[in-house]
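The primary structure of each chain is shown beneath.
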Amino acid sequence: MTMSDSEATASPGAHEHHQPVTELARDLRLFDVTMVGVGAMIGAGIFALTGIAAGKAGPGLILAFCLNGVLTLCTAMVYAEVGSAVPAAGGGYLWARFGLPGPAAFLTGWMDWLAHAVAGSLYAVIFGAYVVWGAQTILGWGEPPSGTGHDAAMGTLFGVPAWPIAKGLTLAICLLFLWINHRGSSETGKAGNIITVAKIIVITIFIAAGFVAMARGGAEQIGDKFTPFLPEGFSGVLIAMGLTFIAFEGYEIIVQAGEEVVEPRRNIPKAVFLSLLIVIPIYILVAIVCLGAMSIPLDVIEATGWRSGDTWRYLAGLGETGVAVAANAFLPFGIGAILLVIGAVLSTMSALNATTFSSTRVSFAMGRDRYLPAALSHVSPTTRTPSIALAASGVLIIGVALLLPAEKVAAATCAMFLLVFALVNIASIVIRRKYGDKLRYGYMVPGGPVVPIVAALGQVGLAVWLLASQPLTLWLTVGWVVIGLVIYYTWSRSQEHAFRASPVIYEQTAQVIESEHEVLVPVANPATAGSLVDLAARLTDPKNTAVTVLNVVKVPEQLPYGSTEPFVEAGRRVVERAMAAAEASGREVAGLVRVSRHPGQSIVETVHERSIGTLVMGWTGPKRGPRRMRSIVIGEQIDTVIKKADCDTVVVRGSVPLSPRRIIVPVAHPKQGHFAVSLAARLAGPQTIIEAIRIVPDTTDVEEAERRLKIDLFGEDGSPDIAGVEWPIELQIIVSGDVTNALVEAAERSDLLILGATRGGWRGSMFSPIHYGLAARWQGPLLLVRMHSGAARFAAQRTIDFLLSKEPEQ
């Protein structure tokens, strides 16, 4: 599958970006993409993990496969839904980016990349193990492992330990498939389909022969092999589920290739369900046959003291070659060994190809989004494949394959897949809430959010159980997550933000030597630009403050950013007029013009990029008539800024007098009230009276309210020092059951009202309908102010708000 460049993006509701985006060409049909999923699933789950998982659950392995099938089906329904609506390279990572906040989206891709790479490592390890076992068993070139678990893990070959030879074969097959993927996977697509069909035939023969052997053994012998059914208890079933969950992840590879599927809204859901319909019954039947048809050699029984029915213990001792030994036991003339070696080699080769492909696509998508270095999105000009992303994935695949044993590799892979799938399930709920009918679904999960919630809970529970039972897996997973978080917060977040930010079209810097505080003044109306800059200067210390005037030019959705010059000229004039007004007053400011589809979001981007400490915005006040949307409090753009920008914010309506006679400051929230009073002190003239008021519902609360008001503003010592400014402040308690009416009556006695934000619970300090209602009923000068929350608290508030919001991110 090769790549091509395109200007279009592949994100739901995403705005058109000002840089070209690299996309993939669509050339996979229903049969092709179904075989991609089946080829990935019929690999480690049957040929390597059956024996390992049998040692954890005993005959309960059958139950583990059944429960994994149910859990997989729930998540597959989610993948079919979102994959049909957002058919782009990146799969689960891509959807997490649309449905979850930045850190969670990054971690989803980060874990998904490693999980697919480590899955490829597992397949490469199994390839080496089966080739060695075939040489030992079929060709007689060495001694295979006995299955007791007491001898060397892989026996001998040519009279020497076999494991170094197996590692060499592992390295060779990794390099081979990295080279094949670099050449272009379209060359291997048809061969991959043939291999997948061939191994289905091999496994079908194996299952049929196994049932014949079971029938010859009789019901009593069969019952002995399945009793007790849960020798390690249900905890063993859970561990086996966790270890074998990797065997069911092939459907994710189907959606990883979503950008390359013909008619994706129709074919992706079909391919997901068809692949599971083929694979889940095969897993269950293989587990039954391995446990029920296999016999333990007498010398092993004598050496270990096992019962003849303890075939699960024998399988556990054989490890990844358990299925091959089982086939050799009940298929005559060595046919079993030959078929299973061929099947295992074909399976691991096709699965390694599929996981190399998918891990490369995840890292390619993350590089394209600038979560990882942009070089990962590089496409080779000769082979049209993501060569650097492929090399990065190759380093992971080879490193893990050579350094870790198969069981530990499988456990680490499964734990990360479980966490990735859980995050994708959560993201699917958010995507449906946010984007709704903005997306075209080829399939929708019945029952709303119930299915993804159940799937996510099951996957998190399995992951926790698996991590708790496997210390090395725990440390590998935690270590990878911690490394990812460090990369995200020290590098990825800023790179991704810079890549997505709306472009700066015009910038005029000021001759400011050094400043400790940055102030941003967005301006839209040339008539009010000068007064806003003047107010910003009054609210801050001009000696160590740099002021930047910003105009955001809003452009239509249909217009490319490169065609906005006619709009930009008007924005430049607004900024230059504001700068001239400031210069006439003896203040020097910088100017900035951006173009955007969403002005509020561009203001937020500027706040983040330039580490703005204070934001001063103008507001025309409430519009006449009923509000169009109840979710909008002050105004669409202002609300966006308040929710997403963590800085001191001042929203001004009207003209603020140079020397106010009386400034009224209602105080409801201690921190916000203190901040509002400090701004009042900066705006006050020699004769100004600052009056802080608090409203209580009845007279019984007056004395306590006055005491608390003094503590909120002045602290326990009662010092009237507000923001370093000594200023007399009057305190007043107003008794009223109608807060808005009481505020309007108090405002009538003033010529400036400063209203601080209120406590908004998990949303932090926000403006409320009370602020809007007061502005509608009182027409005098008004400042709505909010103090910053702090980085940690604001990040938590944004995460919760993001998950519960029904509006798409802009």
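Residues numbered from 1 in each chain as written. Predicted model: local features only at pLDDT ≥ 70, side-chain atom pairs only at ≥ 80, totals over all residues. Heavy atoms only, no water.

S.K.: Sorry if this is basic, but what is going on with the overall build of the protein here?
M.R.: When its secondary structure is counted, the protein shows 29 helices and 19 strands. Buried positions account for 57% of the 810 residues belonging to the protein. Counting contacts in the protein only where the partners sit at least 6 residues apart, residues at least 24 apart contribute 81% of the total. Looking at the protein as shown, the accessible area adds up to about 32,000 Å², and 61% of this sits on carbon and sulfur atoms. (Helix = DSSP H or I, 4+ residues; strand = E, 2+ residues; numbered from the N terminus. Buried < 20%, exposed > 50% of the residue type's maximum accessible area, 1.4 Å probe, protein only. Contact = heavy atoms within 4.5 Å. Areas by Shrake-Rupley, 256 points an atom, 1.4 Å probe, with all protein chains shown as cover.)

S.K.: Is there a simple way to think about the pattern of salt bridges in this case?
M.R.: Pairing between side chains of opposite charge can happen when the charged atoms of each approach one another. This structure, assessed with the given rule, holds ten salt bridges. One salt bridge connects Glu605 with Arg594, and the closest N-O pair in it is separated by 3.8 Å. Of the two residues, Glu605 is situated in helix 23 (residues 599-609) and Arg594 in strand 8 (residues 590-596); the sequence distance between them amounts to eleven residues. Taken individually, Glu605 and Arg594 each receive the classification buried, so the pair is uniform in this respect. Between Glu730 and Arg662 there is a salt bridge, with its nearest N and O atoms 3.4 Å apart. Of the two residues, Glu730 is situated in strand 15 (residues 729-735) and Arg662 in strand 11 (residues 662-666); the sequence distance between them amounts to 68 residues. (Salt bridge = Lys/Arg side-chain N within 4 Å of Asp/Glu carboxyl O.)

S.K.: It is not clear to me how unusual backbone geometry should be interpreted in this structure. Could you clarify?
M.R.: Comment: phi is negative for the bulk of residues other than glycine, and the bulk of peptide bonds are trans. A cis amide bond links Thr227 with the next residue in sequence, Pro228, at an omega value of -5°. Within the fold, Pro228 resides in the loop between helix 9 (219-225) and helix 10 (233-244). For Ser611, which is not glycine, the phi torsion reads 50° and is therefore positive. Along the polypeptide, Ser611 turns up in the loop between helix 23 and strand 9 (614-618). For Ser611, a relative accessible area of 58% translates into the label exposed.

S.K.: Is there a simple way to explain the side chain of Thr360 in this structure?
M.R.: For Thr360, the location among the structural elements is in helix 16 (residues 335-368). Looking at Thr360, the relative accessible area reads 1%, which means it is buried. Residues in contact with Thr360, not counting those within four places in the same chain, are Pro386, Ala389, Leu390 and Ser393.

S.K.: Even after reading the chapter, I still don't get the packing of helix 1 (residues 30-41) against helix 16, so can you show me in this structure?
M.R.: Helices that pack against each other are described as a pair by the angle of their axes relative to one another and the distance between those axes. At a minimum axis distance of 7 Å, the contact between helix 1 and helix 16 shows a crossing angle of 120°. Classified by the angle between their axes, helix 1 and helix 16 sit oblique to one another. Handedness of the crossing formed by helix 1 with helix 16: left-handed. Where helix 1 abuts helix 16, its residues Val36, Gly39 and Ala40 lie against Ser347, Ser350, Ala351 and Ala354. Partitioning the contact of helix 1 with helix 16 into residue classes produces four nonpolar, three polar and no charged. (Axes fitted to C-alpha atoms, helices over the stretch in contact; angles between N-to-C directions. Parallel < 35°, antiparallel > 145°, perpendicular 65-115°, else oblique. Left-handed = near helix turned anticlockwise from the far one by under 90°. Nonpolar A, V, L, I, M, F, W, Y, C, P; charged D, E, K, R; others polar.)

S.K.: Can you walk me through the environment of Leu539 in this structure?
M.R.: By the secondary structure assignment, Leu539 is in helix 21 (residues 526-539). In the structure, Leu539 is positioned 20 residues away from Val519 in sequence and 9.9 Å away in space, judged by C-alpha atoms. In this view, Leu539 contacts Val616, Val650, Leu679, Arg682 and Leu683; residues no more than four positions away in its chain are not counted.

S.K.: Would you explain helix 10 in this entry?
M.R.: Given 3.6 residues to a turn, an α-helix orients residues that are three or four positions apart in the same direction. The end-to-end C-alpha separation of helix 10 is 17 Å, in line with the 16 Å expected for twelve residues at 1.5 Å each. Of all the positions in helix 10, only Gly236, Val237, Leu238, Ile239, Ala240, Met241, Gly242, Leu243 and Thr244 are classed as buried. (Expected span 1.5 Å × (residues − 1).)

S.K.: Can you walk me through the environment of Met787 in this structure?
M.R.: Topologically, Met787 is positioned in the loop between strand 19 (782-786) and helix 29 (791-804). Accessibility expressed as a relative area gives 23% for Met787, which makes it partly exposed. Taking the C-alpha atoms as reference, Met787 lies 6.4 Å from Phe675; in sequence the two are 112 residues apart. Beyond its immediate stretch of four places on either side in the chain, Met787 contacts Cys647, Asp648, Lys671, Gln672 and Phe675.

S.K.: So what exactly am I meant to see when it comes to the pairing of strand 11 here?
M.R.: For a regular strand, side-chain orientation follows a simple rule: the groups alternate between the two sheet faces. For strand 11, the buried fraction is high: five of the five residues fall into the buried class. In this sheet, strand 12 (residues 689-696) lies alongside strand 11 in parallel orientation, the contact comprising five bridges. The residue of strand 12 that forms the bridge with Pro666 is Ile693. What joins strand 11 to strand 12 is helix 25 (residues 670-683), and the crossover it makes is right-handed. (Pairing = 2+ DSSP bridges. Right-handed = clockwise from strand over helix to strand, strands pointing away.)

S.K.: Looking at this model, I keep getting lost on the nonpolar core. Mind explaining?
M.R.: Most often, soluble globular proteins have nonpolar side chains that are buried together. Core analysis: the biggest nonpolar cluster contains 157 residues, and Ile42, Phe206 and Phe330 have the highest contact counts within it. When residues of this core are assigned to their parent elements, the largest contribution, 18 residues, is made by helix 6 (residues 102-137). Residues in contact with Phe330, not counting those within four places in the same chain, are Phe206, Ala209, Gly210, Ala213, Val289 and Ala293. If you look at the next biggest cluster of nonpolar residues, it comprises 49 residues, including Ala578, Val650, Leu713 and Ile733. (Core = buried A, V, L, I, M, F, W, Y, C linked by side-chain atoms within 4.5 Å.)

S.K.: Can you walk me through the confidence of the model for the protein in this structure?
M.R.: Looking at the protein as a whole, the pLDDT averages 77, with 79% of positions reaching at least 70. Scored below 50 in pLDDT, residues 148-152 makes eight contacts in the model with residues more than four places away or belonging to other chains. Note on residues 796-800: pLDDT is under 50 here. Beyond four places in sequence and across chains, it has nine contacts. (pLDDT = per-residue confidence, 0-100.)

S.K.: For this particular structure, what's the right way to read the packing of aromatic side chains?
M.R.: For the structure on display, the rule yields eleven aromatic pairs. On the numbers, 5.4 Å between centres and 40° between planes, the contact of Phe106 with Tyr488 is tilted. Of this pair, Phe106 sits in helix 6 while Tyr488 sits in helix 20 (residues 471-500), and the two are 382 residues apart along the sequence. In this pair, the class of Phe106 matches that of Tyr488, namely buried. Ring centres 6.0 Å apart and planes at 65° place the aromatic pair Trp110 and Trp113 in the edge-to-face group. Note that Trp110 and Trp113 are positioned in helix 6 at a spacing of three residues, about one turn of the helix. Summarising the burial analysis for this pair, Trp110 and Trp113 share the class buried. (Phe/Tyr/Trp six-rings, centres within 6.5 Å; stacked < 30°, edge-to-face > 60°.)

S.K.: What's the story with a nonpolar patch on the surface in this structure? I'm lost.
M.R.: On the surface, a cluster of nonpolar side chains totalling about 650 Å² of accessible area is made up of Ile138, Leu139, Trp141, Phe158, Val160, Ile338 and Ile342. With respect to the helices, strands and loops of the structure, Val160 is situated in strand 4 (residues 160-161). (Patch = residues over 30% accessible without salt bridge, like charges linked within 9 Å, V, L, I, M, F, W, Y side chains within 5 Å.)

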